[in-house]
Each structure stands twice: as C-alpha cells, then as structure tokens.
Amino acid sequence: MNSILYLGAERLLFPRLLRSSPPRQPARESSSQSILFACLIETVLDRPDLAIVLNSWLVVDYGYCTLRRLLPLELAQKTIGATMRGNRAHRRSYTTQSKIDLLRSDIARRNPQRVTIIDGERMSIPFEYLGRSIAVGSTSTSSLDRFQSRLQQLLDSD
C-alpha cells in the first residue's frame with residue numbers, strides 16, 4: 001500500500017448525520033456535496049494504489065460498516081479501515097485519546113509512503129501533517145475547484 005487518504009466524515013461528507021439511531025440509507029446531499037463526492041470519486045479512481053481510511057467519530061457512533069455503506073460505492077470500495085474502533089455499544093468511552101492522537105497512531109501503525117488528510121475542520125488535523133492536508137469547512141461551489149486541484153497535487157507529490 002503506497003498511499004492512504006485519511007477521510008474525516010463529520011461536517012464534510014455527512015453534515016446533518018447527528019441522529020441517535022444509525023441511518024438506514026445515505027443522507028440526501030446538497031448539490032455542493034454531490035460535487036464534492038464527484039471530485040473525490042474522480043480523483044480517487046485515477047489512483048489504483050490509493051486506499052481510504054476513515055478518521056471519524058461517526059465510526060464509533062454508528063459503526064464502521066454502517067458508515068462505509070453510506071459512502072458512494074467508489075469510495076467505499078477503496079476504504080480499508082478506520083482510525084478508531086466502531087463498537088457502538090461502548091460509544092466513545094473506550095478511549096480518552098483525541099481524534100488527532102488516534103490519527104497519529106494509525107499513521108504510525110500503517111506506515112504509508114504517502115499520507116493525505118481531508119477533514120471538515122482544521123483543528124482535527126495534526127500540525128505536522130497540515131502540509132499534507134485539506135480542511136474543508138464548507139463545500140461552496142467556488143472552493144470545489146481549489147479542493148480538487150489541491151487534492152490532486154497532494155496525491156501526486158511525495
């Protein structure tokens with residue numbers, strides 16, 4: 001495995017997924033979210049050596065399989081795991097580690113040649129990986145071109 005894309009889901013892919021029970025089907029996306037998914041899919045499909053790892057508390061809250069099932073098929077097929085366990089029975093009580101520390105641990109364990117991080121919040125990205133990351137606070141149409149360009153640049157660079 002040469003390259004891993006760590007994908008945060010909160011506020012980025014599922015901004016309204018805050019119910020207490022697990023969703024049964026993907027949330028209806030806004031047009032800008034649909035474009036974000038399209039950008040991700042187009043960029044990811046061009047890279048056979050790229051794997052996706054979910055970095056999201058939603059894995060803990062809803063379970064890995066449920067969250068993976070909510071992703072577009074092209075992204076779900078490349079998803080190989082998560083930075084945290086998806087045991088809904090324990091919720092978040094199993095760890096006192098932050099999302100950043102869990103991400104650092106996963107990167108150290110998997111030891112990929114290339115790390116790329118996409119998250120909805122900059123504060124969820126370890127400072128040492130800011131140069132290898134994209135923080136997407138909102139998905140306005142004007143920022144999507146910059147997003148896709150930056151993602152391609154990160155995935156092509158060492």
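In the block above lies the structure referred to throughout.
Residues numbered from 1 in each chain as written. Predicted model: local features only at pLDDT ≥ 70, side-chain atom pairs only at ≥ 80, totals over all residues. Heavy atoms only, no water.

1. Section: the pattern of salt bridges
Scanning the entire structure with this criterion turns up 6 salt bridges. Three or more residues are tied together by salt bridges with common partners; here these are D101, R104 and E128. (Salt bridge = Lys/Arg side-chain N within 4 Å of Asp/Glu carboxyl O.)

2. As for the sheet that holds strand β3 (residues 79-82)
Spatial strand order, β3-β2-β1-β4-β5: 5 strands in an open sheet with parallel pairing. Two strands close off the open sheet at either side, each with one partner strand: β3 and β5 (133-135). Geometrically, the sheet is characterised by an average inter-axis angle of 20° between neighbouring strands, direction not taken into account. Seen against the sheet, helix α5 (residues 99-110) touches β1 (3-7), β2 (50-54), β3 and β4 (114-119) and runs at an angle of roughly 165° to β1. (Pairing = 2+ DSSP bridges. Helix = DSSP H or I, 4+ residues; strand = E, 2+ residues; numbered from the N terminus. Axes fitted to C-alpha atoms, helices over the stretch in contact; angles between N-to-C directions. Contact = heavy atoms within 4.5 Å.)

3. What to know about unusual backbone geometry
One non-glycine residue with positive phi stands out, namely N111, at about 50°. The topology assignment puts N111 in the loop between α5 and β4.

4. Digging into the pairing of β2
Of all the 5 residues making up β2, 5 are buried; the element is thus mostly covered by neighbouring parts of the structure. Examined bridge by bridge, β1 and β2 share 5 bridges and lie parallel to one another. Bridge pairing in β2 places S3 opposite L50. Note that β2 and β3 share 3 bridges and pair parallel. Along β3, the bridge assignment pairs V53 with G81. (Buried < 20%, exposed > 50% of the residue type's maximum accessible area, 1.4 Å probe, protein only.)

5. Remarks on the side chain of Q148
For Q148, the position within the fold is in helix α6 (residues 141-156). A polar contact of 3.4 Å, which involves the side chain of Q148, links it to the side chain of E42. Discounting residues that sit within four places of it in the chain, Q148 has contacts with C39, E42 and T43. (Polar contact = N/O pair within 3.5 Å; in protein donor to acceptor, adjacent residues only side chain to side chain.)

6. Looking at the pairing of β4
The element β4 is extensively covered by neighbouring structure, given that 6 of its 6 residues are classed as buried. As judged from the 5 bridges shared by β1 and β4, these two strands associate in the parallel manner. The residue of β4 that forms the bridge with I4 is V115. Both β4 and β5 contribute to a ladder of 3 bridges, which runs parallel. Bridging from a neighbouring strand, I117 pairs with S133 of β5.

7. Comments concerning the environment of E42
Assignment of secondary structure puts E42 in helix α1 (residues 31-45). Sequence separation between E42 and L75 is 33 residues, and the spatial gap between their C-alpha atoms is 9.9 Å.

8. Some details on the environment of V53
The topology assignment puts V53 in strand β2. Among the residues examined, V53 registers a relative accessible area of 0% and is labelled buried. Sequence spacing of V53 and L5 is 48 residues, and the spatial spacing of their C-alpha atoms is 6.2 Å. Beyond its immediate chain neighbours, meaning those up to four positions away, V53 contacts I4, L5, Y6, L7, I80, G81, A82, T83, D106 and R110.

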